[in-house]
Structure formats: C-alpha cells, structure tokens
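Structure assessment
Okay, here's what each chain looks like letter by letter:
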Amino acid sequence: VIEKNVDPETMLLPYLRKKLRLTGTKYGCGGGGCGACTVMISRYNPITNRIRHHPANACLIPICSLYGTAVTTVEGIGSTHTRIHPVQERIAKCHGTQCGFCTPGMVMSIYTLLRNHPEPTLDQLTDALGGNLCRCTGYRPIIDACKTFCETSGCCQSKENGVCCLDQGINGLPEFEEGSKTSPKLFAEEEFLPLDPTQELIFPPELMIMAEKQPQRTRVFGSERMMWFSPVTLKELLEFKFKYPQAPVIMGNTSVGPQVKFKGVFHPVIISPDRIEELSVVNHTHNGLTLGAGLSLAQVKDILADVVQKLPEEKTQTYHALLKHLGTLAGSQIRNMASLGGHIISRHPDSDLNPILAVGNCTLNLLSKGKWCSVFLHVPLNCFFQLEFVSAFRQAQRQENALAIVNSGMRVFFGEGHGIIRELSISYGGVGPATICAKNSCQKLIGRHWNEEMLDTACRLVLEEVSLSGSAPGGKVEFKRTLIISFLFKFYLEVSQILKKMDPVHYPSLADKYESALEDLHSKHHCSTLKYQHMGPKQHPEDPIGHPIMHLSGVKHATGEAIYCDDMPPVDQELFLTFVTSSRAHAKIMSIDLSEALSMPGVVDVITAEHLSDVNSFCFFTEAEEFLATDKVFCVGQLVCAVLADSEVQAKRAAKQVKIVYQDLEPLILTIEEAIQHNSFFEPERKLEYGNVDEAFKVVDQILEGEIHMGGQEHFYMETQSMLVVPKGEDQEMDVYVSTQFPKYIQDIVASTLKLPANKVMCHVKRVGGAFGGKAFKTGVFAAVTAFAANKHGRAVRCVLERGEDMLITGGRHPYLGKYKAGFMNDGRILALDMEHYSNAGNSLDESLLVIEMGLLKMDNAYKFPNLRCRGWACRTNLPSNTAFRGFGFPQAGLITESCIMEVAAKCGLSPEKVRMINMYKEIDQTPYKQEINAKNLIQCWRECMAVSSYSLRKAAVEKFNAENYWKKKGLAMVPLKYPVGLGSRAAGQAAALVHIYLDGSVLVTHGGIEMGQGVHTKMIQVVSRELGMPISNVHLRGTSTETVPNANVSGGSVVADLNGLAVKDACQTLLKRLKPIISKNPKGTWKDWNSVSSRGYESDINWEKGEGHPFEYFVYGAACSEVEIDCLTGDHKVIEMLLTVDCIEGAFIQGMGLYTIEELNYSPQGVLHTRGPDQYKIPAICDTPTEFHISLLPPSENSNTLYSSKGLGESGVFLGCSVFFAIHDAVSAARRERGLHGPLSLNSPLTPEKIRMACEDKFTKMIPRDEPGSCVPWNVPI
Ligand SMILES: Cc1cc2nc3c(=O)[nH]c(=O)nc-3n(C[C@H](O)[C@H](O)[C@H](O)COP(=O)(O)OP(=O)(O)OC[C@H]3O[C@@H](n4cnc5c(N)ncnc54)[C@H](O)[C@@H]3O)c2cc1C
Ligand code: FES
Ligand code: FES
C-alpha cells in the first residue's frame, strides 16, 4: 500500500476497516485489551537479514510506524474464494466460533505463533491467546482447535496414572442408556488440511529491497494537527527531543495510545525512534545484561529465558523474577508492541517490571541533550555465593492479562554473615502514583536476623511507610494493605526455605504446612471432555439432526468474511452519530451550549430533546422511556444530545465541545439500601406464596435470617451496539441495519419516532456479535435517535458505540440484595422460607419487573419448599437502567437460595450437598406456582454428577489437603439445577418462518430468530434439511428481517431455536403436504412451488394475582461439581476441576463463573462507572478455563412439545457457574475454621480475590490499619 496522505493520528484499525475496506479485523475495545483487532506485523532487518513476525493490536498502532513493514490481516491468510488456512479451518470445525466476532483475532494470534513456531506446545498456544477475549465459547473448543497443532495432545500427560484423560475409561462418564454410543470428539481431525509452513506468504520482496537499498534517513509525516518524526540515529533523536521537549517518544504506543484515546491527551508532535539500531542492542557482560530500551517486552522475555537456561539459577534470580511477571503481563500482542524503555518511562503505578528493576539494582543509562531519553537498561546478575535473593509477587483480578492490584519486587542480600541482613530492597506497585520503594523500612532492618521478629517489625514498618489513604484510586484499600504484608510474608518464607536447605543448623525449619504458601496456583494444563449422544442407528445418514454440525458461518467467521453491522460499506453521503451523555447522576440541566460543537468542521447537526419534541419517548412496558434528557438527568451516562457529522472522528471531537451546565439534585440514590431507605421502587411489588409460611415457622426446630448481595454484570458482547439507518428516499421508507436481538421492537420504536406505519420501516439483522440480553431494549433508544437524524437530514446515519460508551450507557445485569428467613428441622429439611428480592433497576423500568418476576418464578431452583413466601421489588436508582441478561434473574435468585441452603447446612452441622439432596424435588411434584414437574432427570443428574465426580472420595482428598496446608485451601461444591424454559407468557411464545423453494430446487429459509452466536440459523437449516429430506447445501439463510417475517419476538430465553424451529418445521410440512400430490406423481421431479408462513407457540402463562399458572413449557435439569484451590495469602483462586452433567453449554457456564467470581463493576460515590473497558472490567480469559473440564450432555428430553426433543440450553449454564462460588466458599470456610473462626460465613458475589483474601482472616488482616466508616470518601461504592 502506498499512502500519500498519512495522518499521524490514524491508527491501523480504522485505516484497515474504513480506508482499505478490510473489515475482517474487528473493533472490540480500541485499547489493546480484547484482541479482536489482532494482526501480524512482519519487519525485515537488513543488517541481520532476519524477519520478525509478531502479533499486534491494530487499534494501538499508528500507521506512521508501519513504514516498510508487512501487515497480514485475517483476509491475507485464507479465504473461501481461494483456500482457507488450516487455522481458519480448524477453529471453525472444532466449534471454536459462536458469534464469531472474536474469531479473526483468535485466528491471527494462532497464525502468528505458528509462523514462528510451526510445532508449538499447548502452553505456547494458550499463551499466544492470553490477549484474546471471547464472550461466547468458554474457550474450551478454541483450546481443542489449538491442540490439533501440537505435537502431543497436551492433554493429561501429567496425570498420575499416565492414562489419557480422553480415554473414556478414566473420565468415568458412563455410557448413556438405550445403547447409543457417546463420543468425546466433535470433529474429525484426520480430515483437516495439513499445516505446511512452506505454503505461507513470504515477506514482500519489494519491502526487503526497499529496506536494503533505501538510504536510512529521518522520515517526517504531518497533518494539520500533528507532526511525526522518525529519526534513525541517536543524535537526531536527541535533537528532536531538545527541539520538542514535550513530545513523547513513541515505541509501542501502548501507554501513550490509550491516554490519547481515552483521556483526550493530544500531542502535536510525536517522535518515533523505532528504527534506531542502538535501541535494540543486547550485550552480555560478565556482570549482567545490557538491553536496549527499544526492545519489546516479548523480546526481553525471550532473551532472559535464554540466559536463565545457560547460567546457574542463583545468578539469575532477578531474571527469573522478571520472567515470572513477563509471563502474565498483558497479552502476547501488547508484550510484542510495548518496549522496555516505554514501560519504564511511562511509570505506570501498576508496572510489573519497575518494582523488580528497582530492587534488582538495575541501571538505566540515559542520553541527554537538554531533555533526556532512555537508551539502555543494565540488569545485573545476582551474586549468590554471597547469599542474595530476589523475588516478585503480584495479584490481579484475573490471573493473566490484568493489571496488578498490588505487585512487588523484593531483594535481600546477606553477605557472609549468618542470616544477617546486609541489604534489603522492597518495592511495590499499585499503591501509589508510581512504583513505591519502602526505603526507610529496609534501612531500619539492616543488621537484623532473618527471623519471625524481623518479619513482624518489617510488616509494621512497611505498612507505616507505604501508607495508603482510604480514598486511594482503585479502591480495595484494605486488601491492598493486606497484600503488601502478605507478599512480604511470602518472601520471608521463600528465603527461609532456601536458607534452611543450605544450612539446616542455623536456620529454623519451616512447618510443612506452610510450604504450599510458596507454590504456584496456576497450571496451564488443560484437559476437557465432552460427552454427548450419537444418534441411533435408525437415523438416515444424511439427516443432520443431532449431529455436531459446524456453525454454518464458522468458516466465514474465521476468514473475516462474515459481515457484521459496522462492516457494511458506507452509503453515499453517510453521516456518523455520536451521543453526548450526562456526567451527573441526578441533576437539573441548566443550559446546553451547542455553539462550539456546531462550528466544528464536518458537523451537520446536534439533535436534542427539543428536536424530538413529542416523539422523545416510547412505551413498551408500563412506563415510557425518554430518549434524550429534557430538563433533568437521572444517571451518569444518560443520553443528552447526539452530534451528527461527516465522519466519526469529527463527530467525536465536536461532542467534546458540547457544554452542559448542571445543578445537582437530591436525593442521590445509588445502592439498593439507599433505595429502600427512600422507598424508591418501580411498581408493582411481586409476590409468590405457597403453603402457610407463618404457621410453618411455629413448628420448625431452628430459624435463621441472613442476606446476600450480588453485584451486576456487564454484557460485554464483543460487538458493541451498532446500527446504520438508510432513508430510501421514496415513500418515506427506512431501512435499519442493526445489531439487535429484537428487530420488531426496533421497527416499532423507529416507526413511532418517525410517525410512520411499521410497513415503512424495515429492520435487517444479518448476525449479531454477541448480545446476551443487552441488545433487546437498549438498542431501541439508539436506533430511534439515529433514525430521527437520518430522517431529518435525508441521509444515511451510522452509529457505533465505543466500548467505554457502551459500558457506561447500556446497563447490564441487575445487582441484587436477597434477604431470607428460613425455618428448618435439625435434619436439614427446610419447612418455611420467607424471602425478599431487591434488584437495582437503575433509572428506568426497562425489563426490570420481568426480571424480578422470573427471579421469583425460578428461585426454588431444584428444591421443594413446602411453605414459601417470596416478594420482589425493582429499586429505582440513579444508575444507568439495568436490563435483560442471560439467565434473566435466575442467576441472582438461585444464588440467594443456594446461600440460604449453605447457611442451613452450617447451622445443622451437615454438608451443603446433604441439605440440597434432602430438600430436592422428588419425581412428580408441584412448583410454588402450581405447575407440575417431573424431577426424575434432576435426581438422575445429581446422582450421576455425584458418582462421576467421585464426590465422597474427592471430599476426603480435599479435607486431607486442607489439613496438610495452612496457606492454600481447597474447596468442593456441587449445585443442582432446575431451569424452567419458556418466556413466561403466551404472547412471547410465538414464532414464524418463511420457506421458499425455488424452481431449481434450492431453498431459502427465513425465520424470526436472530443469529447471535447460538447457531440458530445452522439449526434451522438442519430442520429444513430433515423435513424436506434434502442436503444442507441446498438450503440458504440470508438473515433476519421484518420484511420477510413480521412481528417476531425477541430472541432470548433459550427458546429461539425451539420456537422458530417449530415454525420452520411447520412451514416445511405445509409445503410438503401441498406438494405431495405432485411429488407422488413424479417422485424424481424438481421442486416447483413456494410456500410460506407457519406459526407455533408455547402455551404458557402466569396469573400474578393468584400466583399460579403454567409459565414454562418444560424444565431442564443438571448439576455441576467444582473443585477449587485458593491462596489464602493473596485471595487468588484456580478452578481445578469442573464437572457438568447437564443440558447446558460451557460458554454460559464460564460467563456465570465470571459473574460470580471476577466480573466486578465499580461506581464512584457520584455514580460514575469506573469500569469501562477490558482493562478495568475482567471477563474470564483463556487462563480461567478450569484445569479439567468435563461435560456430559444428557440424552434428548422426552418433551413432545419441543423441536425433535431438543432442550433450551443457553441460559441455564450461567447459574451453574455458582458451583465455583460455593467451592471457594467451602475453601474459605476451611481456612477460617483452622484459624478458629467458626461462626457463619456470609460472602457476597462476585467472590473476587479481595473478598477471598479478606475473608481468610489471619494475623496480617489484623495488622493492617482500618479506616473508620465515614472518615474518608472511598473511591467506589458497593452497588
Ligand atoms: C491492554 C494493556 C495491558 C497492559 N497490561 C499490563 C500489565 O499487566 N502489567 C504492566 O506492567 N503493564 C501493562 N500494560 C502497560 C504496558 O506495559 C506499557 O504500556 C508499555 O510497557 C509501554 O511501552 P510502550 O513502548 O508501548 O510505550 P509508549 O506508549 O510508546 O511510550 C510510553 C512513554 O514512554 C516514553 N518512552 C518510550 N520509549 C522511550 C525511550 N526509549 N526513551 C525515553 N522515553 C521513552 C514515551 O515518551 C512515553 O511517555 C498494559 C498496557 C495495555 C495497553
Ligand atoms: S480492539 Fe484492539 S484490542 Fe480490542
Ligand atoms: S465467538 Fe468469541 S466472542 Fe462470540
């Protein structure tokens, strides 16, 4: 590519997508945190004649830095038009794609690794994917695809008995009854294209020649706003720096880039010295290593890894410490982009390397001409013969690719004196504005013996010196204080252990129980099995039903050819719309000044509530929702106005110039407790009552009261809210291309806003890059305003939210407060239960009441409570309005019930599993709303899970482990599941489909369901294939549109395939019936006619007055057993093994695991969401997949009303993630018991490292200073 007008402000991602129209590379976050934009960068070095390939995040690469480099995107490695690459083929065929939005990034990360290592280990592969997030698959199928590139399967080589875990015998899952065979394999490896490194693209020869022949000279690029200088010698670099002292020296742009993007920092001049050879120097000297500041962190990692292989361990302690942190620092893309110099100089408060470099006596050599520049870093070798130890510690919200909450580097030097400290250095990250050295404390400890008294003094000194205010940014203050000394204790143990080994006479021995404190929790070993049922021998071989068929868009996902909303090419004269949102949680708008914004170049209009006037709201439920704020705002992130400009960049720049003056209003209600205090609820209260609760309380042995709080969850669909509205210019027709789960609603809201009948507004959805409930009602407001703008100007308007905007504006899963009063017998039988559910609904109603209702209807989970009263309230608060989210109230309601069970078990002195079993539904039974159920499968799942997990043996092993280890504890929990499937109302249980049979025999099918990763289109094609008895290749599906299928319901609630499948089936059967006479006359003839329309619905409803009804069509059952290990000193946890016997998919399970453990939303006391991107909000990454993950899908149900006895699966799995929560609870309880704390333990969700650590109370948690309530304004409030 030759680009004549390079704008230094342009990043590679928009350049690829908008300029070159290469839309395979996706936007997911814009800040290097999600990996959706991964590309391969290849650079040729004419001096060494070597080509370096590395993965990189296109969203952070300025195109100016790419002069002479080759960029390979997903389109470059294979396509359906030519030949697909083995990586693309395998990720698709191994079912590693669902919505497919993350897939191109995954493909490029694996591809780049294979370019460098054609036969990688599984560790290398999972490491390469550490920076790629996927919200759908749960990673297991992606790991399966990776394994096919490994020499060894990478599975369970390390298993004690040496038998492969894929062997049916060892995973112990029994065959299903009815003689059908089960299979752990979902793909045929032998059919895969071979990986042939000789067939890969070569580095472009013209770039090689250019690099060799072109004289090395300074390059300058410029635009009206910015200059970019790329010097080639150190001298020039210094001169530029002298001339432009404020200009940043950009290497990886991973520090400067996010500041520019998210904090609005602007640099008129950039200096980019990445071609200066000296900056990449590597010098091995007799006393250490000199590294050029320009080396990437990945290169530094490789260099250090090489050195530690060659030198004795005791000499390379600092290198080992650096390597430890380089293994988890960011993802592979960032490590390959970020430079050593950039890392050091950017002085991030949570830098992982700086604390180690600081204690390791490393020297930074600086060159200067007026303003200095870093050039080399010298990392010395350790002189172990004189007893020197270096260690590094860190704890983050997620094990990998997450900034540390606290990290530390520590070094002690004893010299010849027996255990007398000669030098001591301790540095911390995450506890101040930059790396903090505990200098004074270390100074005071010199001359002290390495013993417990020294440790005690050290802890007190360090806590005093590294003091952290109660309002410190990032919050978690008490946790951080605890980590500061917990790390110190770990270091103490580590050094003591080595000293003891070296000189058992002089040094005290370490209790065996303490040793595990030093062991690593994390294992990269991944083993998984999936057992499902093969179809019976009677099934026709071409019948696709029941076969694990690849997602029909799988290959297109993997090649980047699958088109998402923002991949659509621009329409002539298209405008971009961006929203201006409220910065106050509850305030009166005093004035809005648009003048400056309107005067900005490219700006066409700013739409306000005044423009929308009488169409500024829409009522779907009982309360109308306002689109743009009129005179008041009720949450931070509320839409105030919308800027319309020729381009996205211009719209965003102008949006920053809109000036809004507010006057704060009282009260400010953020939490559920505050809402209760102010009586701030949405009407009406919902109640479910069964039996006689008050009477039952009189006869029970014991009564307990408790409560649990559960935080919300961000949908984090990988594709943000996106739409393109195109006025057709004729008859007021409007086409809306949108990423939504509910096209009919979009059609209605747009039609109402434009005062048009629905037949003028057509809504089209090709596919959605993940939704999980967040693209139903939320999308409507954006679509309404965008359509209004398009209509007003008669031009197409595109609106695509940035990740931060999306997270700020759209709300998510409702936080819950559950209060319970349980009356039970001493044998664990719960006879009376009185519950209260409070949800934090935010500032508008949305689906909150439905969520409360579903929570109530599903709160019984697998249990029969003979006397039950459960009431629910949706609290109105000054937060963004919360909405539907996979599971729809059940993950919250279920957790409250299970917590109550845990507490009952503790009070009775019984195991939670026993109490669960005692209270479980027994075969034919009745729910609290008087719907009949047959719980046979529930009991079967529970028993099977118990047997297959060898629960009793495992429990005994966990107890033994816990008795032998003081600082590490294991926990085990098994949770049952009864998930009612259905949307709770008859109206919602409808579906329609349209099937065309063309004269050439090809079939086009459309239905009302949305393809958002669940593979519904694939399933519908399977249905057509079976019903019409034709191969899948004959059937096509173009997408969903209100034009072909009207009035379709929202896609959600795990019923999309069931409902639409029945409609497709009916349509096919109707066609067949009509064609039967013709077909029978000429059985070998061709299809001749088309037919349409069928609808079929569930019969379900509930009467809330009576609290009775038949709200659900059927129930799915399951059970999950999780085993975890926790580190009591840091709060870290690892899921060791996970076993599901269920009708659910692991993607939902992993999402649930995230919900209950690491996904934490943080709001400021003023109601501002802090967590607005993948850097602050952690969804599970590949490192979080359980070490062992076994899933057994039960045989098809006997439910005659569902499609081919299918089961709705998507939603239920989320709840089973709470088995991890309770396993951690179990481990924490074990730790507390050992520390003499026997009282009831109430833990809130998510069970983050902070909560785990602080619950494992010990001498360190007692030692830290605590802030008096009200003595400081905390950084965040628990919502
Ligand atoms: C998604 C993401 C995840 C991350 N995760 C982690 C993590 O887990 N742990 C962690 O420690 N860090 C993490 N980081 C931070 C990362 O380590 C730093 O951003 C990176 O090391 C900075 O290097 P750079 O080359 O990209 O710096 P740039 O952004 O290019 O520059 C940063 C600063 O350094 C200066 N500078 C650069 N080179 C020189 C030089 N040679 N001489 C003088 N000044 C120079 C520049 O002037 C600028 O001010 C993460 C960053 C991102 C984006
Ligand atoms: S879009 Fe680049 S990493 Fe997320
Ligand atoms: S398939 Fe990975 S995000 Fe959807």
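Every value quoted in this text rests on a predicted model; they were computed, and no experiment measured them.

The number of helices and strands found in the protein chain is 40 helices and 46 strands. Expected size for 1279 residues packed as a compact globule is a radius of gyration near 33 Å; at 31 Å, the protein chain falls within 12% of this value. The principal-axis extents of the C-alpha atoms in the protein chain amount to approximately 95 × 80 × 70 Å. Out of the 1279 residues belonging to the protein chain, those deemed buried represent 62%. The contacts of the protein chain with a sequence gap of at least 6 include a subset with a gap of at least 24, amounting to 77%. Just so you have it, the protein chain exposes about 47600 Å², and 52% of that area is on carbon and sulfur atoms.

Think of a sheet as strands paired side by side through backbone hydrogen bonds, with each pair either parallel or antiparallel. Ordered in space as β5-β6-β7, the three strands form an open sheet in which the pairing is mixed. Across the chains shown, the open sheet's two edge strands, defined by having one partner strand only, are β5 (219–222) and β7 (269–271). The mean angle between the axes of side-by-side strands here comes to 15°, regardless of whether they run parallel or antiparallel. Bridging between strand β6 (residues 227–230) and β7 involves three bridges; their strand directions are parallel. Note that in β7 the partner of W228 across the bridge is I270.

Moving on, we get to the pairing of strand β28 (residues 734–738). Counting buried positions along β28 gives four out of five residues, so the element sits mostly inside the fold. By the bridge criterion, five bridges tie strand β27 (residues 722–727) to β28 in an arrangement that is antiparallel. Across the sheet, residue M723 finds its bridge partner in β28, namely V738. Hairpin connection between β27 and β28: a loop of six residues separates the two successive antiparallel strands, and G729 in this loop has a positive phi of roughly 80°. Sheet topology note: the β28/strand β29 (residues 761–765) ladder contains four bridges and is parallel. Paired with D735 across the two strands is M762, which belongs to β29. Each parallel crossover has a hand, and for β28 linked through helix α26 (residues 743–753) to β29 it is right-handed.

Our focus in this paragraph is the domain arrangement of the protein chain. On domain assignment, one finds that the protein chain holds domain 1 (12–150 + 189–214), domain 2 (277–517), domain 3 (574–614 + 621–666) and domain 4 (673–713 + 812–982 + 1108–1197 + 1210–1255). Counting residues at the interface gives 23 residues for domain 2 and 26 residues for domain 4. With both sides pooled, the region where domain 2 packs onto domain 4 buries about 2200 Å², and carbon together with sulfur makes up 55% of that total. A per-residue breakdown of the area domain 2 buries against domain 4 is headed by Q397, R398 and Q399, which together make up 30% of the total. Run the count over domain 2 and domain 4 and you get three salt bridges. With a shortest N-O distance of 2.7 Å, D1127 and K490 are connected by a salt bridge. Summed over the shared surface of domain 2 and domain 4, the result is 13 residue pairs in polar contact (both at pLDDT 80 or more). Mapped onto the side of domain 2 that touches domain 4, the elements with two or more residues apiece are β12 (388–396), α18 (477–502) and α19 (512–515). At nine residues, α18 tops the list of elements feeding residues into the side of domain 2 that touches domain 4.

To continue, consider the pattern of salt bridges. According to the stated counting rule, one finds 63 salt bridges in the structure shown. In this structure, K775 engages E719 in a salt bridge whose closest nitrogen and oxygen atoms are separated by 3.2 Å. Highlighted residues: K775 in the loop between β29 and α27 (778–793) and E719 in the loop between β26 (702–710) and β27, separated in sequence by 56 residues. Residues K775 and E719 agree in their burial class; the two are buried. When the shortest N-O distance is used, the salt bridge between R829 and D827 registers 2.9 Å. Among the ionic contacts, a cluster of salt bridges with common partners joins R17, K18, K26, D566, D567, E574 and R798.

With that settled, consider the UniProt feature "binding site: FAD" (unreviewed entry) in the protein chain. Within this structure's numbering, the places UniProt gives as "binding site: FAD" (unreviewed entry) are V249, I250, M251, G252, N253, T254, S255, V256, D352 and R394. Considering the C-alpha atoms alone, the annotated residues occupy 146 residues of sequence and remain spread out, their largest mutual distance being 28.5 Å. In this structure, I250 sits in the loop between α9 (234–243) and α10 (256–263). According to the relative accessible area criterion, I250 is buried, its value standing at 4%. Residues within four places of I250 in sequence aside, it is in contact with W228, V256, I270, I271, S272 and P273. Along the chain, S255 falls in the loop between α9 and α10. Apart from the residues lying within four places of it in its own chain, the contact partners of S255 are S346 and H348.

Strand order in the open sheet made by the three strands is β22-β18-β24, with antiparallel pairing throughout. What marks the edges here is a single partner per strand, and that holds for β22 (632–633) and β24 (659–664). Pairing analysis gives six bridges linking strand β18 (residues 587–593) to β24, with the strands arranged antiparallel. Note on β24: the bridge partner recorded for I592 is I660.

Let us look at helix α34 (residues 1016–1028). An α-helical turn contains 3.6 residues, so a residue and the one three or four places further along point in the same direction. The terminal C-alpha atoms of α34, which comprises 13 residues, lie 18 Å apart, in line with the 18 Å expected from a rise of 1.5 Å per residue. Here α34 lies mainly inside the structure; 11 of its 13 residues are buried. For α34, the complete set of buried residues consists of V1016, H1017, T1018, M1020, I1021, Q1022, V1023, V1024, S1025, E1027 and L1028. A positive backbone phi angle near 60° is found at G1029, which sits one or two residues after α34.

Here we come to the site of ligand 1. In the vicinity of ligand 1, 33 residues are found, and the nearest of them are V249, M251, T254, S339 and D352. Here N253 contributes a backbone N or O atom positioned 2.9 Å from an oxygen atom of ligand 1. At a separation of 2.9 Å, an oxygen atom of ligand 1 approaches a polar side-chain atom of H343. Relative to its unbound accessible area of 970 Å², ligand 1 is 92% covered by the protein chains. Those elements that place two or more of their residues in the shell around ligand 1 are α14 (340–345) and β11 (371–380). For the shell around ligand 1, the leading source of residues is α14, giving four residues. Class assignment of the residues belonging to the shell around ligand 1 gives a composition of 15 nonpolar, 15 polar and three charged. Mapping the shell around ligand 1 onto the domain boundaries places at least three of its residues in each of domain 1 (12–150 + 189–214) and domain 2 (277–517).

A few words on the packing of aromatic side chains. The geometry of an aromatic ring pair comes down to the distance between the two centres and the angle between the two planes. Summed over the entire model, instances satisfying the criterion amount to 36 aromatic pairs. Both rings, one in F716 and one in Y1177, keep their centres 6.4 Å apart while their planes meet at 20°; by these two values the pair is stacked. In this pair, F716 is assigned in the loop between β26 and β27 and Y1177 in the loop between α36 (1146–1157) and β46 (1188–1193), connecting sequence segments 461 residues apart. Take F716 and Y1177: they sit in the same class, and that class is buried. Feature note: the residues F389, F393, F414, W450, F487, F491 and Y492 constitute an aromatic cluster, connected by ring pairs. Sitting over the ring of F716, R803 keeps its end group 4.3 Å from the ring centre.

The rules behind the values
Residues numbered from 1 in each chain as written. Chains lettered and ligands numbered in written order. Predicted model: local features only at pLDDT ≥ 70, side-chain atom pairs only at ≥ 80, totals over all residues. Heavy atoms only, no water. Helix = DSSP H or I, 4+ residues; strand = E, 2+ residues; numbered from the N terminus. Rg over C-alpha atoms; globule rule 2.2 N^0.38 Å. Buried < 20%, exposed > 50% of the residue type's maximum accessible area, 1.4 Å probe, protein only. Contact = heavy atoms within 4.5 Å. Areas by Shrake-Rupley, 256 points an atom, 1.4 Å probe, with all protein chains shown as cover. Pairing = 2+ DSSP bridges. Axes fitted to C-alpha atoms, helices over the stretch in contact; angles between N-to-C directions. Right-handed = clockwise from strand over helix to strand, strands pointing away. Domains from an automatic or database assignment. Buried area = accessible area lost by both parts, 1.4 Å probe. Salt bridge = Lys/Arg side-chain N within 4 Å of Asp/Glu carboxyl O. Polar contact = N/O pair within 3.5 Å; in protein donor to acceptor, adjacent residues only side chain to side chain. UniProt positions renumbered as here; feature names shortened; annotations may be inferred. Expected span 1.5 Å × (residues − 1). Near = heavy atom within 4 Å. Nonpolar A, V, L, I, M, F, W, Y, C, P; charged D, E, K, R; others polar. Phe/Tyr/Trp six-rings, centres within 6.5 Å; stacked < 30°, edge-to-face > 60°. Lys NZ or Arg CZ within 6 Å of the ring centre and 35° of its normal.

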